Amino acid sequence: MGRASGRQPWREVLQWITGGRLGRRRGWPVVPVLGTPWQDTVSPERTGWRCRAAYLEGESVFAVDYRICRRCRLAWVEHPYTPPPYQRCGLARAGLAALRTENPGLSWHTLGGHFRDSRPFWAAVGADVPGGYQQRRLCAHVDAG
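These numbers come from a predicted model, not from an experiment.

**Things to note about the overall build of the protein chain**
For the protein chain, the count of helices and strands is three helices and seven strands. Order of helices (α) and strands (β) in the protein chain, N terminus to C terminus: β-α-β-β-β-β-α-β-α-β. Put simply, the protein chain has 145 residues, and 38% of those count as buried. Partitioning the contacts of the protein chain with sequence separation of at least 6, the portion at a separation of at least 24 is 52%.

Rendered as structure tokens:
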């Protein structure tokens, strides 16, 4: 799996010093293409979040944004997406399982409500998962991005 941290220490220091008034990212981040089947990069949509994605021959076949608060032992996933030709192939299950394996001991949740047609998906991937991917607000230590 390829990883790109996306950290910008100077920006983090500036935000810390100014209480978040300066140093906020503007516009869309540059998300590198790492050339590996599974990639972990900054989220293209949410500041401070990560994106786990699967690629097949350079085409994105699965992606999910996630955020972890180690202090509270909580994690959130948002907007899993698999293009129709690759749905029901186990990519979402594999990607979410890999995140849980790499981050043991966390309770996993989502931010939003689950649409009626997505409830079977969340029930399937949430079976035997601490937190069960039930809706839960972010803790005070992280922001929505």
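Moving on, there is more to tell.
**Considerations on unusual backbone geometry**
Phi is positive for Arg73, which is not a glycine, with a value near 60°. You can see Arg73 is positioned in the loop between β4 (59-69) and β5 (74-81). Not every positive phi belongs to a glycine, and His79 is a case in point at roughly 50°. Looking at the element boundaries, His79 is found in strand β5.

**So, the nonpolar core**
Val64, Ile68, Val77, Leu96, Leu99, Trp108 and Tyr133 are the most contacted members of the largest nonpolar core, which has 17 residues in total. Elements represented by at least two residues in this core include exactly β4, β5, α2 (91-102) and α3 (119-126). Per element, the largest residue contribution to this core is five residues, and it comes from β4. Setting aside anything within four residues of it in sequence, one finds Tyr133 in contact with Val77, Leu96, Arg100, Trp108, His109, Thr110, His114, Trp122, Val125 and Gly126.

**Considering the environment of Trp49**
Tracing the backbone shows Trp49 in the loop between β2 (38-42) and β3 (50-56). With relative accessibility at 2%, the residue Trp49 sits in the buried group. Between the alpha carbons of Trp49 and Val142 there is a distance of 9.5 Å; along the sequence they are 93 residues apart.

**Quick notes on the pattern of salt bridges**
Oppositely charged side chains can pair when the atoms bearing their charge come close. Under the defined criterion, the tally for this structure stands at four salt bridges. The residue Glu102 makes a salt bridge to Arg52 at a minimum N-O spacing of 2.7 Å. Of this pair, Glu102 sits in helix α2 while Arg52 sits in strand β3, placing them 50 residues apart in sequence. With relative accessibility at 33%, the residue Glu102 sits in the partly exposed group. The buried category is assigned to Arg52, whose relative accessible area is 1%. Residues joined by salt bridges that share partners form a network here, namely Asp40, Arg50, Arg52 and Glu102.

What counts, and at which threshold
- Residues numbered from 1 in each chain as written.
- Predicted model: local features only at pLDDT ≥ 70, side-chain atom pairs only at ≥ 80, totals over all residues.
- Heavy atoms only, no water.
- Helix = DSSP H or I, 4+ residues; strand = E, 2+ residues; numbered from the N terminus.
- Buried < 20%, exposed > 50% of the residue type's maximum accessible area, 1.4 Å probe, protein only.
- Contact = heavy atoms within 4.5 Å.
- Core = buried A, V, L, I, M, F, W, Y, C linked by side-chain atoms within 4.5 Å.
- Salt bridge = Lys/Arg side-chain N within 4 Å of Asp/Glu carboxyl O.

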